[in-house]
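Each chain, letter by letter, is given below.
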Amino acid sequence: MELRHLRYFVCVAEELNIGKAALRLHISQPPLTRQIQQLEEEVGAQLFRRTTKGVELTDAGRVLHDDARHILGLARRAAERTHKAALGLMGRIDVAIFGSGIFGAIPQLLRKFRASYPEVNIVLHSMTKEQQIDALHHRSITVAFNRLMRPVDGLVCETVLTEPLYVAMPTGHPLNARTAVVMTELAGQPLVLFPTGSRPSFIDRVQQLCRETGFVPEVAQEVGDVVHALALVATGLGLCLVPQSATNLAFPGVTYRPLFHPTESHVDLCCIYRDDDQSALLKAFLVSIRQDAAALRLTSHLSDLKMPASSPR
């Protein structure tokens, strides 16, 4: 049974007249009659009976009419869904996430994409940097978000935005009195660093900032992620540098202050994907991420303009 036969049958069932159905289908009447006869032979039942005004459905014809409309509807939806998938308008995208970005920038970017592409199913995976690289190579994920990526063959690491840095400190710490903290004020302060694991990482970025300022950081402890780092800050173990996204974590006993550094006090957030992935869905995702990241960069820039230009007190 071919879809063409069902389309012809449904048209005749709706018009109840072979001649009118033929005009609607833009074919002559004899071929349409033969198609209906072939369909009747295939199903082994008479589908129409002749009347003085045209034709009417038999009981068997009414049963087939219900099923035929359902089948044709499914075929139309299949074609529409396939076309949308080819345009990147629907499907599934597997996104790996890790680090402080999941508390701010990443959800904002994904929410904007979801609003523009409601028929795309976003599946999130929590993975370390090395796990993300392996999953991308094995094509089990489409894209990943991370920071401070080293070059990897076959992968593109695209910086989508940079986030300003903040100092997380125990509530009641003397630096709480500052509107912002100058990098030199961290000299001699015990610091909690994160994340342990593959390098380079945010730990390297913090140590670099300390060296550029002229001191070696006093490391109280290194931990696996920002949540554990802030938990230690809450206990009073030390201070911690965090990207802006992490300030959305409202830890009891932890206060955040912007970091003021004379040259650079930002950290990147990267989007990583395979360089041979030409799928329309990935292209649509990247376009959305780039556009919305630009809006987040503008917001961050306006925030920076409010940062004191000298040592804050």
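Residues numbered from 1 in each chain as written. Predicted model: local features only at pLDDT ≥ 70, side-chain atom pairs only at ≥ 80, totals over all residues. Heavy atoms only, no water.

> If you had to explain the overall build of the protein chain to someone new, which residues and values would you point to?
Assigned secondary structure in the protein chain consists of nine helices and 12 strands. By the compact-globule yardstick of 20 Å for 313 residues, the protein chain is too spread out, its C-alpha radius of gyration being 31 Å. Summarising its shape, the C-alpha atoms of the protein chain cover approximately 100 × 35 × 30 Å along the three principal directions. Across the 313 residues that make up the protein chain, the buried fraction comes to 47%. (Helix = DSSP H or I, 4+ residues; strand = E, 2+ residues; numbered from the N terminus. Rg over C-alpha atoms; globule rule 2.2 N^0.38 Å. Buried < 20%, exposed > 50% of the residue type's maximum accessible area, 1.4 Å probe, protein only.)

> Describe the confidence of the model for the protein chain, and please don't skip the residues or the numbers.
Parts of the model with low pLDDT should not have their predicted coordinates read in detail. Looking at the protein chain as a whole, the pLDDT averages 90, with 95% of positions reaching at least 70. Confidence, read as mean pLDDT per element, is least for helix α9 (residues 280-305) in the protein chain (77) and greatest for strand β8 (residues 190-193) (98). (pLDDT = per-residue confidence, 0-100.)

> Please set out the nonpolar core residue by residue, giving values where relevant.
Core analysis: the largest hydrophobic core is formed by 36 residues, its most contacted members being L186, L241 and V242. Sorting the residues of this core by element identifies β6 (155-170), β8, α7 (202-213), α8 (226-234), β10 (240-243) and β11 (254-260) as the ones contributing at least two each. The residues contacting L241, other than those within four sequence positions of it, are Y166, V167, M183, L186, F194, F202, V206, L209 and L259. If you look at the next biggest cluster of nonpolar residues, it comprises 26 residues, including I93, L110, V120 and C271. (Core = buried A, V, L, I, M, F, W, Y, C linked by side-chain atoms within 4.5 Å. Contact = heavy atoms within 4.5 Å.)

> Help me get a handle on the pattern of salt bridges, residues and values and all.
Taken as a whole and assessed by the stated rule, the structure comprises 14 salt bridges. The salt bridge partner of D94 is R92, with a shortest N-O separation of 2.9 Å. On the basis of relative accessibility, which here comes to 9%, the residue D94 falls in the buried class. A salt bridge links D277 to R274; the shortest N-O distance between them is 3.2 Å. Several salt bridges converge on common partners, so that one network encompasses E14, E15 and R24. (Salt bridge = Lys/Arg side-chain N within 4 Å of Asp/Glu carboxyl O.)

> With reference to specific residues and values, describe the layout of surface pockets.
The calculated volume of the largest pocket comes to roughly 260 Å³. In terms of lining, the largest pocket is formed by 20 residues, of which the most central are F98, K129, N146, P195 and S201. Of the residues contributing to the lining of the largest pocket, the split by class is seven nonpolar, nine polar and four charged. (1 Å grid on protein atoms, 1.4 Å probe; cavity = no way out; pocket = protein on both sides within 12 Å on 5 of 7 lines; lining within 4 Å. Points joined across faces, edges and corners; volume = space filled by probe spheres on them. Nonpolar A, V, L, I, M, F, W, Y, C, P; charged D, E, K, R; others polar.)

> Provide a residue-level description of the pairing of strand β9 (residues 218-222), including the pertinent values.
In the sheet, β8 pairs with β9 via four bridges, with the strands oriented parallel. Counterpart to P190 in the pairing with β9 is E218. Handedness of the crossover joining β8 and β9 through α7: right-handed. (Pairing = 2+ DSSP bridges. Right-handed = clockwise from strand over helix to strand, strands pointing away.)

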